[in-house]
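Coordinate analysis (summary)
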Amino acid sequence: MLSRLQELRKEEETLLRLKAALHDQLNRLKMLVHVDNEASINQTALELGMRSHMMEEEEEEESDS
């Protein structure tokens with residue numbers, strides 16, 4: 001009975017360490033997703049800014065003609 005209790009305590013410790021490791025990994029992945037989303041937003045803003053600038057240049061060329 002005592003050895004079974006010791007086994008269960010060891011198993012509990014192992015599971016708690018595993019839970020902590022998975023929690024840490026999940027938090028790291030959430031930060032990476034946040035960084036990826038931020039980079040994607042910045043890229044979209046850059047592309048929209050460039051399109052706007054290109055359209056302005058085209059309008060200027062048409063008005064000059």
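Overview of the structure. Note that the structure is predicted; figures quoted are calculated from it, not measured. (Residues numbered from 1 in each chain as written. Predicted model: local features only at pLDDT ≥ 70, side-chain atom pairs only at ≥ 80, totals over all residues. Heavy atoms only, no water.)

A count of helical and extended segments in the protein gives one helix and zero strands. Its C-alpha atoms give the protein a radius of gyration of 28 Å, clearly above 11 Å, the size a compact globule of 65 residues would have. Summarising its shape, the C-alpha atoms of the protein cover approximately 95 × 10 × 5 Å along the three principal directions. Expressed as a percentage of the 65 residues in the protein, the buried residues total 0%. Accessible surface, the protein as shown: approximately 6500 Å² in total, 59% of it carbon and sulfur. If you average the places of the 8 positive and of the 16 negative side-chain charges in the protein, the two averages end up 32 Å apart. (Helix = DSSP H or I, 4+ residues; strand = E, 2+ residues; numbered from the N terminus. Rg over C-alpha atoms; globule rule 2.2 N^0.38 Å. Buried < 20%, exposed > 50% of the residue type's maximum accessible area, 1.4 Å probe, protein only. Areas by Shrake-Rupley, 256 points an atom, 1.4 Å probe, with all protein chains shown as cover. Lys, Arg positive; Asp, Glu negative; His and termini not counted. Charge placed at Lys NZ, Arg CZ, Asp CG, Glu CD.)

Evaluated as defined, the whole model comprises one salt bridge. One salt bridge in this structure joins Glu-7 and Arg-4, with 3.6 Å as the shortest N-O distance. Residue Glu-7 and its partner Arg-4 are both found in helix H1 (residues 2–64); the two are separated by three residues, about one turn of the helix. (Salt bridge = Lys/Arg side-chain N within 4 Å of Asp/Glu carboxyl O.)

Moving on: a negative patch on the surface. On the surface, a cluster of negative charge is contributed by Glu-56, Glu-57, Glu-58, Glu-59, Glu-60, Glu-61, Glu-62 and Asp-64. With respect to the helices, strands and loops of the structure, Glu-62 is situated in helix H1. (Patch = residues over 30% accessible without salt bridge, like charges linked within 9 Å, V, L, I, M, F, W, Y side chains within 5 Å.)

The next subject is the environment of Val-33. Tracing the backbone shows Val-33 in helix H1. Here the alpha-carbon distance between Val-33 and Leu-46, two residues 13 residues apart in the chain, equals 20 Å.

Read these as geometric descriptors, not functional statements.
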